[in-house]
There are 2 protein chains.
Amino acid sequence: MNKHGGYYGKNADTIIDFSVNINPLGISQRVIDYLTKSLNNLNKYPEINSRSSCKYISEKLGLKENEVILGNGAIELIYLYAMAIKPQKVMIIQPTFNEYERAVKLAGSEIIHFKRKEQDKFKLDIDSLVYELKKYKPDILIICNPNNPTGGLMEKKDLISILEVLEQLDSTLFLDESFIDFAPENSLHQLINIYPIFIIKSMTKYYAVPGIRLGYGIGNQEIIKKMNKYKIPWSVNSLAAGIVPIVMEDSNYHNKTMTWYRNEREYMGRELRKIDKITLYPSCANFYLIKIHEDIDLKGELLKRGIFIRDCTDFYGLNEKYYRIALKGHKDNIKLIKELRDILL
Amino acid sequence: MNKHGGYYGKNADTIIDFSVNINPLGISQRVIDYLTKSLNNLNKYPEINSRSSCKYISEKLGLKENEVILGNGAIELIYLYAMAIKPQKVMIIQPTFNEYERAVKLAGSEIIHFKRKEQDKFKLDIDSLVYELKKYKPDILIICNPNNPTGGLMEKKDLISILEVLEQLDSTLFLDESFIDFAPENSLHQLINIYPIFIIKSMTKYYAVPGIRLGYGIGNQEIIKKMNKYKIPWSVNSLAAGIVPIVMEDSNYHNKTMTWYRNEREYMGRELRKIDKITLYPSCANFYLIKIHEDIDLKGELLKRGIFIRDCTDFYGLNEKYYRIALKGHKDNIKLIKELRDILL
């Protein structure tokens, strides 16, 4: 298994965990109320294929029911896609979430890594990517947008120019939009019948329910049908499937989240930029990637002070100088900045 | 997707559903209390590999931690096993739960069906099986014990004689013990380092929580390691992983369940046997398979009377004459018998 964020050591109750990208507003009371009411229904099987939730999502997004697939977390859909499509050659835009690589490797794919460069602040070089796409002709190109762990957002027009190249090459874009709700750009889900694209989205980071496992995928009917052929029955539990309409209707939670996000992204960006020994990369997600210009075990130093951050040594092309820092509540963010200044200034 | 039990039509609240094999005692209050308390922790990721729950189960069963794997329902482990082992040739003892066939087909296996015969009341003919095993030399033999949907239980000595043959053939037994808690025979989990065997067990039928998705698998360290190589991270949600010790410690629920089970199995067996137009097959599970000697749509007739039963047309070797009937609470069982007598006598 790959390494991931999350603090599971002793004192887990008192450690402030900046290593996971979970909305610090916590679980909405509407979700808690719904789940409390639903516990007594756990004596029934979930729908075998989460049809009602797919229907709800499709209507909400203006799609057809058979253009949506629900997952036991977005992660199930990464593995399911790889297994159903069995692409021969996959290009992954790195550094990024490392489960894409594991999933396509298990499906037997050959992998080509395309690197975002540090000197470009990890912004994707489109011309160079197009050149490599035409050279290697991968069956699938994998992009996470906004990207984890760099946080950078690609503009819609750039993605469309890539999709046009992929179309010529008879390739498909696998697009992970798990952090798109934080970004000023919209999802590409309206394009599934225009361009070769399959989109996944985690629903648990934004709504702060990663323990329940919930995500969805969107693609044309042919892709969804192929994936359903391989899908494990009842893979999404009843509680996860049940909260789909609850979270998607919760505009109050959404508004609060976006207010928190704008404030803390601005605050953390400003404060981190003030620290000379840190390079900060532009982010449109609920986390920042930073690089430290000092020979110091920053993770260890912060842990002594009750703070846990995500080191990036397991991300392709990154090393022990890089850390991913989630945005948390204002008080926690102030504490992190204070400790960072204390250690680095 | 395959067809399965469960009534999802209109009036689902008033229909008495005999088509799913769920403990009618319902969810234990201890489980409800634990889940209620745990909802606020859903803002944390589950353990990536459900290690704590595996550790608990292994200690409870006298095994090593790395001899246990947790699943998003036992069903995840059927598919995971097939994908990790990729057996070339699989023999399935039929009629049985049809997901085994789907799982190994998706893994590319060649399938040989070995039939339990109706004239033997679906008791397995061991000599004939051994002959076929030696003839076809499958990599994997799949047995469900007690078997779904026939209910029959194999004795431990018969399973061991089969395991000895499999050992000679360098084959492995995939044994589904999802209904073994109801049976007078014990699980074979103590044999995982003596014979080539991998065992799965659903935890949601007996404890009446199928909505939460929980099961486990037991095998030698080599098998578990292979499966973990393919396992999707965080596949078991926190609530499911968390209830493992709660349900396994709940001796009060267990005792109540076994009292209910003994009474209702006896009652239903006796009453069904009294109806001439029904053949009843011996069962050591919480359901009975029956065959109807009349040209009648029994499922449709019962549905008109508010009762839903499982037809068996999708089970290999069975047809529209066969139905699977779960044991429910006494009042519901009386109602079923009354309506059956009304329709058939």
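Residues numbered from 1 in each chain as written. Chains lettered and ligands numbered in written order. Predicted model: local features only at pLDDT ≥ 70, side-chain atom pairs only at ≥ 80, totals over all residues. Heavy atoms only, no water.

A. Examining the sheet that holds strand 13 (residues 322–326) of chain A more closely. Residue and element names in this part refer to chain A. Spatial strand order, 9-10-13-12: four strands in an open sheet with antiparallel pairing. The open sheet terminates on both sides in strands that have one partner only, identified here as strand 9 (278–280) and strand 12 (310–311). Two strands pair when backbone bridges link them, and strand 9 and strand 10 (residues 287–292) are joined in this way by three bridges, in the antiparallel orientation. The residue bridging Thr279 from the neighbouring strand is Lys291, located in strand 10. Where helix 9 (residues 251–273) meets the sheet, it contacts strand 9, strand 10 and strand 13, and its direction lies at approximately 5 degrees from that of strand 10. (Pairing = 2+ DSSP bridges. Helix = DSSP H or I, 4+ residues; strand = E, 2+ residues; numbered from the N terminus. Contact = heavy atoms within 4.5 Å. Axes fitted to C-alpha atoms, helices over the stretch in contact; angles between N-to-C directions.)

B. Spotlight on helix 7 (residues 221–230) of chain B. The set of residues buried in helix 7 of chain B consists of Ile223(B), Ile224(B), Met227(B) and Tyr230(B). Looking straight down helix 7 of chain B, one finds that the buried residues subtend no more than 120 degrees of arc, so they occupy a single side. Pointing more than 90 degrees away from the buried face of helix 7 of chain B are the exposed residues Glu222(B), Lys225(B) and Lys229(B). Where helix 7 of chain B is buried, its residues contact helix 4 (99–106) of chain A together with strand 2 (68–71), helix 3 (74–85), strand 7 (197–202) and strand 8 (215–218) of chain B. The N-terminus of helix 7 of chain B is capped by Asn220(B), whose side-chain oxygen sits 3.1 Å from the backbone nitrogen of Glu222(B). (Buried < 20%, exposed > 50% of the residue type's maximum accessible area, 1.4 Å probe, protein only. Arc of directions from axis to C-beta. Polar contact = N/O pair within 3.5 Å; in protein donor to acceptor, adjacent residues only side chain to side chain.)

C. Examining empty space enclosed by the protein more closely. Throughout the structure, instances matching the rule amount to four cavities of 30 Å³ or more. In this model, the largest cavity occupies a volume close to 330 Å³. What lines the largest cavity is a set of 26 residues, and nearest its centre among them are Tyr45(A), Trp234(A), Phe97(B), Asn148(B) and Lys205(B). Breaking the lining of the largest cavity down by element, the ones donating at least two residues are helix 3 and strand 7 of chain B. Examining the composition of the lining of the largest cavity, we find that three residues originate from one element, helix 3 of chain B, more than from any other. In terms of residue class, the lining of the largest cavity is built from twelve nonpolar, nine polar and five charged. (1 Å grid on protein atoms, 1.4 Å probe; cavity = no way out; pocket = protein on both sides within 12 Å on 5 of 7 lines; lining within 4 Å. Points joined across faces, edges and corners; volume = space filled by probe spheres on them. Nonpolar A, V, L, I, M, F, W, Y, C, P; charged D, E, K, R; others polar.)

D. Region of interest: the environment of Asn41(B). All names here are of chain B. When you line up the elements, Asn41 lands in the loop between helix 1 (29–38) and helix 2 (51–61). Classification of Asn41 by relative accessible area gives partly exposed; the value is 44%. Along the backbone, Asn41 and Pro149 are 108 residues apart, and their C-alpha atoms lie at a distance of 38 Å.

E. Focus on helix 3 (residues 74–85) of chain A. Residues and elements named next belong to chain A. Helix length check: helix 3 (twelve residues) gives 17 Å between terminal C-alpha atoms against 16 Å at 1.5 Å per residue, within 8%. For helix 3, a buried count of ten out of twelve residues is recorded, marking the element as mostly surrounded by other parts of the structure. Listed in full, the buried residues belonging to helix 3 are Ala74, Ile75, Glu76, Leu77, Ile78, Tyr79, Leu80, Tyr81, Ala82 and Ala84. Within two residues after helix 3, Lys86 carries a phi angle of roughly 45 degrees, on the positive side. (Expected span 1.5 Å × (residues − 1).)

F. Structural view of the packing of helix 5 (residues 126–136) of chain B against helix 6 (residues 156–169) of chain B. All names here are of chain B. Here helix 5 crosses helix 6 at 10 degrees, and the two axes come no closer than 10 Å. Relative to helix 6, helix 5 is oriented roughly parallel. Of the residues in helix 6, those in contact with Ile126, Leu129, Val130, Leu133 and Lys134 of helix 5 are Asp158, Ser161, Ile162, Val165, Leu166, Gln168 and Leu169. Of the residues in the contact of helix 5 with helix 6, the class split is eight nonpolar, two polar and two charged. (Parallel < 35°, antiparallel > 145°, perpendicular 65-115°, else oblique.)

G. The arrangement of a positive patch on the surface in detail. The grouping of Lys86(A), Lys229(A), Lys86(B) and Lys229(B) at the surface amounts to a positive patch. Turning to its location among the elements, Lys229(A) is positioned in helix 7 (residues 221–230). (Patch = residues over 30% accessible without salt bridge, like charges linked within 9 Å, V, L, I, M, F, W, Y side chains within 5 Å. Areas by Shrake-Rupley, 256 points an atom, 1.4 Å probe, with all protein chains shown as cover. Salt bridge = Lys/Arg side-chain N within 4 Å of Asp/Glu carboxyl O. Lys, Arg positive; Asp, Glu negative; His and termini not counted. Charge placed at Lys NZ, Arg CZ, Asp CG, Glu CD.)

H. Spatial organisation of the relation of the copies chain B and chain A. Superposing chain B onto chain A takes a rotation of 180 degrees plus a shift of 0.0 Å along the axis, which leaves an RMSD of 0.0 Å. What the superposition gives is, in effect, a two-fold axis relating one chain to the other. Closest to the rotation axis within chain B is the C-alpha of Thr36(B), separated from it by 3.1 Å. Most of the interface of chain B is mirrored in chain A, where 100% of its interface residues again form contacts. (Least-squares fit on C-alpha atoms with pLDDT ≥ 70 in both.)

I. Molecular detail of the confidence of the model for chain A. Here chain A averages 96 in pLDDT, and 99% of its residues register 70 or above. Scored by ipTM, the complex comes to 0.95, with pTM at 0.96. (pLDDT = per-residue confidence, 0-100.)

J. Region of interest: the pattern of salt bridges. Tallying each qualifying case throughout the model produces 46 salt bridges over all chains. With a shortest N-O distance of 3.7 Å, Asp250(B) and Arg30(B) are connected by a salt bridge. Placement of Asp250(B) in the loop between helix 8 (238–248) and helix 9 (251–273) and of Arg30(B) in helix 1 is noted, with a sequence separation of 220 residues between them. Across the pair Arg305(B) and Asp342(B) runs a salt bridge, and its minimum N-O distance is 2.8 Å. Taken together, the positions of Arg305(B) in the loop between helix 10 (298–304) and strand 11 (307–308) and Asp342(B) in helix 11 (residues 330–344) put the pair 37 residues apart, joining distant regions of the chain. On the accessibility criterion, Arg305(B) (27% relative accessible area) is partly exposed. Several salt bridges converge on common partners, so that one network encompasses Arg305(A), Lys335(A), Lys338(A), Glu339(A) and Asp342(A).

K. Looking closely at the sheet that holds strand 6 (residues 172–176) of chain A. All names here are of chain A. Read from one edge of the open sheet, seven strands run 2-8-7-6-5-3-4, paired in mixed fashion. The open sheet is flanked by strand 2 (68–71) and strand 4 (110–115), the only strands paired with a single partner. Mean inter-strand twist for the sheet, computed between neighbouring axes without regard to direction, equals 20 degrees. Here four bridges tie strand 6 to strand 7 (residues 197–202), and the two strands are oriented parallel to one another. By the bridge assignment, Asp176 is partnered in strand 7 with Ile200. In the packing of helix 4 onto the sheet, contacts are made with strand 3 (89–94), strand 4, strand 5 (140–144) and strand 6, and the angle to strand 3 comes to roughly 170 degrees.

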